[in-house]
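Structural characterization, general
Okay, here's what each chain looks like letter by letter:
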Amino acid sequence: MDEAPIISVRGLVTRFGKHTVHDGLDLDVRQGEIIGIVGGSGTGKSVLLRAVVGLLKPVEGQITVFGENVRDTSAEDYRRLRRRWGVMFQDGALFSSLNVQQNVEAPMREQLALSPETRAALAAIKVRMVGLPEDALQKMPSELSGGMRKRAGFARAIALDPEIVFLDEPTAGLDPIGAAAFDTLIAQLRRALGLTVFLVTHDLDSLHAICDRIAVLAEGRVLATGTMSEMQNVDHPWVQAYFKGPRARAALAQKETI
Amino acid sequence: MNTRGSRPADNTTAPQMNFVDGVLVLEGDFLIGSVEGLLAQHGQAETIDLSGVTRLDTAGAWAVVTLERRIQDAGGTPKITGATSLQSDLIETLRQNMPETDIPVAPKKSVADRLEQVGRSTVSAFQKTMAIVGFLGRVVATVAGLIVRPGRIRWTAIVHHMQQVGLNAVPIVSLMAFLIGVVLAFQGAAQLRQFGAEVFVVDLIAISILRELGILLTAIIVAGRSGSAFTAAIGSMKMREEIDAMRTLGLDPVEVLVVPRVIALTIMLPVLGIIANFAGLFGGALMSWIELGVSPGVFQSRLVSNTGVEHLFVGLIKAPFFALIIAIVGCFEGMQVKGNAESLGHLTSTSVVLAIFLVIAADALFSIFFAVLGI
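Cut-offs and rules
- Note on numbering: residues in each chain are counted from 1, in written sequence order.
- Labels are handed out in written order, letters beginning with A for the chains and numbers beginning with 1 for the ligands.
- Local features in this predicted model are restricted to residues of pLDDT 70 or higher, and side-chain atom pairs are both shown and tallied only at a pLDDT of 80 or more, whereas totals for entire chains, interfaces and linings draw on every residue.
- Values reported for side chains reflect all heavy atoms of the structure, with hydrogen atoms and water molecules removed beforehand.
- Only protein chains enter the calculation, and the probe is 1.4 Å; a residue is then buried if its accessible area is under 20% of its type maximum, exposed if over 50%, and partly exposed in between.
- Put simply, DSSP marks the helices as runs of H or I at least four residues long and the strands as runs of E at least two long, and each gets a number from the N terminus on.
- To estimate the expected span of a helix, subtract one from its residue number and multiply by 1.5 Å.
- The convention used is that axes are lines fitted to C-alpha atoms, helices contributing only their stretch in contact, and that angles between N-to-C directions extend from 0 to 180 degrees.
- Angles below 35 degrees are treated as roughly parallel, those above 145 as roughly antiparallel, those between 65 and 115 as roughly perpendicular, and all remaining angles as oblique.
- In this scheme, a crossing is called left-handed if the near helix is turned counterclockwise away from the far one by less than a right angle; it is called right-handed if the turn is clockwise.
- In this count, Pro and Cys sit with the nonpolar residues alongside Ala, Val, Leu, Ile, Met, Phe, Trp and Tyr, while Asp, Glu, Lys and Arg are called charged and the others, Gly among them, polar.
- Any two strands with at least two DSSP-identified bridges between them are counted as paired.

Below, the discussion takes up unusual backbone geometry. Not every positive phi belongs to a glycine, and A:Asp161 is a case in point at roughly 50°. Using a relative accessible area of 2% as the deciding quantity, one classes A:Asp161 as buried. Notably, B:Glu241 is not glycine yet its phi reads approximately 65°, a positive angle. Within the secondary structure, B:Glu241 sits in the loop between helix H6 (201-239) and helix H7 (242-248).

Okay, here's the thing in structure tokens:
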């Protein structure tokens with residue numbers, strides 16, 4: 001693969017007070033892939049996501065997305081850059097004062113001058129694409145279940161047809177059927193929209209089912225990257241425990257029977 | 001490999017749409033920012049040719065499907081040619097996900113709707129009143145139970161809340177009362193000086209602060225400070241299912257959470273009222289001295305000789321009732337919190353507004369009561 005990576009992180013250092021989260025982290029994400037970021041609690045998976053999208057200023061290091069440095073861009077360039085990615089936070093992070101339709105329309109309203117009819121039609125399409133029923137459009141976030149909120153958050157993330165979507169634990173807290181459906185949805189939309197997906201997850205089933213590559217975070221850096229089967233051969237106690245534990249075996253076995 | 005191209009946001013080619021010999025020829029980039037205007041064009045065609053389309057996103061595909069539907073509606077059989085496989089996949093996805101119905105627009109409210117709204121509000125206000133009275137009854141019953149079995153009283157919680165609602169409120173309450181005294185003296189002086197009756201400023205300050213303002217304003221501050229804190233604390237426990245956890249452990253939330261707060265506030269609000277009275281008189285005396293030259297000695301002797309002690313009692317007797325209103329409303333609203341953060345915020349502000357309103361209403365009732373009694 002000689003194509004330039006779509007996201008490239010070099011020598012990232014982030015710190016909260018005296019606690020160092022990332023210590024010289026390197027990571028490349030290739031165009032069109034689904035990369036799964038895994039790691040124990042507190043290894044800075046979500047922090048990495050926040051640093052890449054510019055919500056958090058790293059102490060050191062370089063983050064380039066689409067070949068542009070995220071940290072040292074002008075406000076105008078950053079705004080332009082931001083339009084090319086979408087972020088879904090853990091619980092959907094829907095604006096609680098707006099209904100689902102207004103939530104999905106929000107990025108369009110802020111970034112583009114579209115007529116209300118067009119916006120409504122596009123929002124309805126996006127909501128259907130993420131598998132929500134049409135009557136969900138008029139509902140407030142507090143009336144939705146956790147899984148529906150995540151789907152609506154996903155619809156908002158893809159509202160402007162981004163090239164990259166960042167998903168923070170999309171299947172956490174969903175029942176196995178809902179989680180599997182969400183995995184299928186991610187894979188489907190990746191195909192339909194040509195997305196690159198940056199997936200922070202704990203879910204071994206998601207990793208098996210849809211990730212092209214996996215990056216393991218530990219000790220403040222990326223310990224290993226590779227496919228699921230390559231992970232089996234990484235010689236590190238945490239990686240071994242994670243990918244060869246009883247749950248991993250169950251996930252693997254399940255995949256083989258399917 | 002990616003037919004959508006790595007799209008540099010700047011250099012897009014404007015989309016074109018032309019009717020050439022019954023074929024609708026689309027060219028350029030069909031992206032979300034630029035396709036809208038094209039749909040205004042109309043013409044005769046049955047085939048849509050996409051071979052000139054360089055980039056297509058969801059909105060572009062939506063435009064194509066919309067054009068396709070339009071041909072269908074006109075009685076034609078639409079055909080799409082020249083699409084790459086990725087583009088036709090996207091168009092197929094859109095076809096499946098086109099909204100079936102028109103997106104409903106919020107209907108306008110008629111007069112009947114508004115009337116219905118008034119009716120609903122009235123009924124729910126009545127129900128809420130009943131619920132609060134019921135809650136008060138539960139609290140009183142629980143307190144009665146505790147009197148019979150005093151071993152169950154949670155002294156630690158009571159003392160903790162007494163510190164929270166009482167001791168910690170002393171600075172703000174005394175500063176507020178001091179300033180009220182200053183303002184009364186200042187305004188009273190301006191009026192009374194016209195009649196050469198400056199010395200009556202003492203009676204003005206003493207009666208208004210002891211009888212009404214000291215305790216009323218203290219209650220209002222405490223409602224804002226502690227009533228909201230009660231709602232927020234109990235509400236967030238309700239949100240995190242702590243209340244349910246208590247019930248499963250056989251603890252009564254009213255006994256554990258509500259009664260200590262009610263008792264603590266009922267004890268502390270009169271104390272705060274007394275502190276406010278002192279601070280108010282001090283502020284008034286200070287301002288009378290500076291502004292009118294009424295020396296502290298004169299102020300004191302006039303206060304003692306002209307202001308009956310009944311004014312102090314009339315003021316203080318109201319304090320426990322105000323405390324009960326604030327604590328009951330604060331705890332009641334906290335118990336109404338549902339699972340989400342919005343309801344917590346909404347009910348916290350409701351609690352403060354309702355508590356202040358009820359305190360003032362109760363104060364008015366007391367005024368009438370004392371007027372009838374002639375005190």
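As a further point, take helix H3 (residues 111-148) of chain B. Here H3(B) is 38 residues long and its end C-alpha atoms lie 56 Å apart, about the 56 Å a rise of 1.5 Å per residue gives. The complete set of buried residues in H3(B) reads B:Ile132, B:Phe135, B:Val139, B:Thr142 and B:Leu146.

Right, let's talk about helix H1 (residues 45-52) of chain A for a bit. Residues and elements named next belong to chain A. The element H1 is largely enclosed, with a buried count of six among its eight residues. Those residues of H1 not exposed but buried are Lys45, Val47, Leu48, Leu49, Ala51 and Val52. Residue glycine 54 follows H1 closely and has a positive phi angle near 85°.

Residues and elements named next belong to chain B. Viewed as axis vectors pointing N to C, H6 and helix H10 (residues 310-335) meet at an angle of 15°, and their least axial separation amounts to 8 Å. In terms of their interaxial angle, H6 and H10 are classed as roughly parallel. The handedness of the crossing between H6 and H10 comes out as right-handed. A breakdown of the residues in the contact of H6 with H10 according to their chemical character gives 17 nonpolar, seven polar and five charged.

Let's shift gears to the pairing of strand E2 (residues 23-30) of chain B. Residue and element names in this part refer to chain B. Of all eight residues in E2, six are buried, a share of seventy percent or more. Two strands pair when backbone bridges link them, and strand E1 (residues 16-20) and E2 are joined in this way by five bridges, in the antiparallel orientation. Its bridge partner lying in E2, methionine 17 is registered against leucine 26. Taken together, E1 and the strand that follows it, E2, pair antiparallel across an intervening segment of two residues, in which aspartate 21 is found at a positive phi of about 50°. Strand direction decides the pairing type here: E2 and strand E3 (residues 47-56), joined by seven bridges, are parallel. Note that in E3 the partner of glycine 28 across the bridge is valine 53.

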